[in-house]
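Spelled out from the first residue to the last, the chains are:
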Amino acid sequence: MFLHIVGQNQRFHFISGIYYRSVEIIHRYFRIVLKVILKLYKHFIKDPKDAVPAEIMNNQRFYPYFKV
């Protein structure tokens, strides 16, 4: 349900029709999953500065495309 709402920009009312749940239940579960993701984001999302390898960063041919 969460991925359906976030990934396809669906409304709670539309999702409630698909999963045969009330809008309040959809909203409650959405908030639970969102809170968990916000607690775990530091473990899964890295700073983009650390993601560029040194050989790309030092090469003038490739680095302009990887600037943040």
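Residues numbered from 1 in each chain as written. Predicted model: local features only at pLDDT ≥ 70, side-chain atom pairs only at ≥ 80, totals over all residues. Heavy atoms only, no water.

Enquirer: How do you make sense of helix 3 (residues 23-44) when you look at a structure like this?
Expert: A turn of α-helix holds 3.6 residues, and therefore any two residues three or four places apart point the same way. Along its 22 residues, helix 3 runs 30 Å from first to last C-alpha, staying within 8% of the 32 Å computed at 1.5 Å per residue. By the largest-angle criterion, Leu 38 marks the main kink of helix 3, which is about 35 degrees. (Helix = DSSP H or I, 4+ residues; strand = E, 2+ residues; numbered from the N terminus. Expected span 1.5 Å × (residues − 1). Bend = angle between axes of the 7 residues up to and from the residue.)

Enquirer: Is there a simple way to explain the side chain of Ser 16 in this structure?
Expert: Structurally, the position occupied by Ser 16 is in helix 2 (residues 12-19). For Ser 16, a relative accessible area of 10% corresponds to the buried category. With residues up to four places along the chain from it excluded, the contact list for Ser 16 reads Arg 21, Ser 22, Val 23 and Ile 26. (Buried < 20%, exposed > 50% of the residue type's maximum accessible area, 1.4 Å probe, protein only. Contact = heavy atoms within 4.5 Å.)

Enquirer: Help me understand the packing of aromatic side chains, please; the structure alone is not making it clear to me.
Expert: Two descriptors summarise a pair of aromatic rings, namely the distance from one centre to the other and the angle between the planes of the rings. Under the definition given, this model contains two aromatic pairs. Judged by centre distance (5.4 Å) and plane angle (70 degrees), the ring pair of Phe 12 and Phe 30 falls under edge-to-face. On the criterion of sequence distance, the pair formed by Phe 12 in helix 2 and Phe 30 in helix 3 is long-range, its members being 18 residues apart. Aromatic rings pair up to connect Phe 2, Phe 12 and Phe 30 into one cluster. (Phe/Tyr/Trp six-rings, centres within 6.5 Å; stacked < 30°, edge-to-face > 60°.)

These figures capture arrangement, not role.
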